[in-house]
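Letter by letter, the chains look like this.
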Amino acid sequence: MALNDAALVLAANAVDGAITHMQLYSAATNGAGTTNAVGSRVAVNGTVDGDGDITWSTVAFTGLTANQAVHSVGYFSASTGGTFYGSTVLTGDANANAAGAYTVTSVTETSSAT
């Protein structure tokens, strides 16, 4: 028997609690999350649903160059340094605006047990 939703929610809440900041990337980053970073990290709070998926919504980034290419977002435990927990490629709008701002409308990490 695989883990049930209660276990997945427990694990997702731990992961969500550990991820306190996000970073944008102009292209795929390395395993440490240190290459192709653009702008500054921003503080985030996710929400966990009933089957352990974590969603972060309306994450606003500033400090990018005008029309900066945006490829992916990474997950960190701190505003600087900290632990890198991975990244995900973004879909939709692929550039910052003329003021160097970019908003991640929504990004979800799904949980499953098999």
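Enquirer: Would you explain the overall build of the protein chain in this entry?
Expert: Counting its regular elements, the protein chain contains 1 helix and 7 strands. Reading the helices (α) and strands (β) of the protein chain from amino to carboxyl end gives α-β-β-β-β-β-β-β. For the protein chain, whose C-alpha radius of gyration is 15 Å, the value lies close to the compact-globule estimate of 13 Å for 114 residues. By its C-alpha atoms, the protein chain is 50 × 25 × 20 Å across when sized along the principal axes. Put simply, 66% of the contacts in the protein chain that link residues at least 6 apart link residues at least 24 apart. Of the roughly 6,000 Å² that the protein chain leaves accessible, carbon and sulfur atoms contribute 52%.

Enquirer: Is there a simple way to think about the environment of Glu 109 in this case?
Expert: Relative to the helices and strands, Glu 109 resides in strand β7 (residues 102-109). For the pair Glu 109 and Ala 12, spaced 97 residues apart in sequence, the C-alpha to C-alpha distance is 9.2 Å. Once residues within four sequence positions are removed from consideration, Glu 109 is found in contact with Gly 52, Asp 53, Ile 54, Trp 56, Tyr 75 and Thr 88. Within the structure, Glu 109 has its side chain in polar contact with the side chain of Tyr 75 (distance 2.6 Å).

Enquirer: I tried to follow the side chain of Asp 53 on my own but got confused; where do I start?
Expert: Relative to the helices and strands, Asp 53 resides in the loop between β3 (47-48) and β4 (54-61). For the buried Asp 53, which has no salt bridge, the nearest side chain bearing the opposite charge is Arg 41, at an N-O separation of 24 Å. At 2.9 Å, the side chain of Asp 53 and the backbone nitrogen of Ser 111 are in polar contact. Excluding residues within four positions of it along the chain, Asp 53 makes contact with Thr 47, Val 48, Thr 108, Glu 109, Thr 110 and Ser 111.

Enquirer: Even after reading the chapter, I still don't get the layout of surface pockets, so can you show me in this structure?
Expert: If a probe as big as a water molecule is rolled over the atoms, it shows which places are left empty. The volume enclosed by the largest pocket comes to roughly 160 Å³. Residue assignment for the lining of the largest pocket shows that the elements contributing at least two residues are β6 (84-89) and β7. At 6 residues, β7 tops the list of elements feeding residues into the lining of the largest pocket. Considered class by class, the residues forming the lining of the largest pocket number 5 nonpolar, 5 polar and 1 charged.

Enquirer: Would you take a moment to explain the side chain of Gln 68 for this structure?
Expert: Locating Gln 68 in the fold gives a position in the loop between β4 and β5 (72-76). Of the residues examined, Gln 68 reaches a relative accessible area of 16% and is grouped as buried.

Enquirer: What's the story with the sheet that holds β6 in this structure? I'm lost.
Expert: Within a sheet, each strand pairs with its neighbour through backbone hydrogen bonds, oriented either parallel or antiparallel. Taken together, the 4 strands give an open sheet; going across it, the order is β2-β1-β5-β6, and neighbouring strands pair in antiparallel fashion. Across the chains shown, the open sheet's two edge strands, defined by having one partner strand only, are β2 (37-43) and β6. Across the sheet, the mean angle from the axis of one strand to that of its neighbour is 20°, orientation sign disregarded. As defined by bridge partners, strand β1 (residues 21-25) adjoins β5 across 5 bridges and the pair is classed as antiparallel. Pairing of Leu 24 across the sheet is with Val 73, part of β5.

What counts, and at which threshold
All residue numbers refer to positions counted from 1 along the written sequence of the respective chain. Whole-chain, interface and lining totals are the exception, using all residues; otherwise, since this is a predicted model, local features are given only for residues with pLDDT of at least 70 and side-chain atom pairs are given and counted only at 80 or more. Derived side-chain values reflect all non-hydrogen atoms in the structure, with water molecules and hydrogen atoms excluded from consideration. Runs of E in the DSSP output that reach at least two residues are strands. Runs of H or I that reach at least four are helices, and both are numbered from the N terminus. Our radius of gyration looks at C-alpha atoms and nothing else; its globule reference is 2.2 Å times the residue count to the power 0.38. Only heavy atoms matter for contacts: two residues are in contact if any of them lie within 4.5 Å across the pair. Note on areas: Shrake-Rupley, 1.4 Å probe, and residue coverage restricted to the protein chains presented here. Within 3.5 Å is the distance limit for a polar contact, defined as a pair of N or O atoms, with the added protein rule that one can donate a hydrogen and the other accept it, and that residues adjacent in sequence qualify only through two side-chain atoms. To sort residues, take the accessible area from a 1.4 Å probe on protein chains only and compare it with the maximum for the residue type: under 20% means buried, over 50% means exposed, and anything in between is partly exposed. In this tally Asp and Glu are treated as negative and Lys and Arg as positive; neither His nor the chain ends contributes. Put simply, a salt bridge is a Lys or Arg side-chain nitrogen that is within 4 Å of an Asp or Glu carboxyl oxygen. Any residue with an atom within 4 Å of a point lines the site, the site being either a cavity, points on a 1 Å grid over the protein atoms alone where a 1.4 Å probe fits but cannot get out, or a pocket, an open set with protein on both sides within 12 Å along at least 5 of 7 lines. Grid points are joined across faces, edges and corners, and a volume is the space filled by probe spheres set on the points. In this count, Pro and Cys sit with the nonpolar residues alongside Ala, Val, Leu, Ile, Met, Phe, Trp and Tyr, while Asp, Glu, Lys and Arg are called charged and the others, Gly among them, polar. Here, a strand pair is defined by DSSP locating no fewer than two bridges between the strands. Fitted lines through C-alpha atoms serve as axes, helices being fitted only where they are in contact, and the angles separating the N-to-C directions of these axes extend from 0 to 180 degrees.

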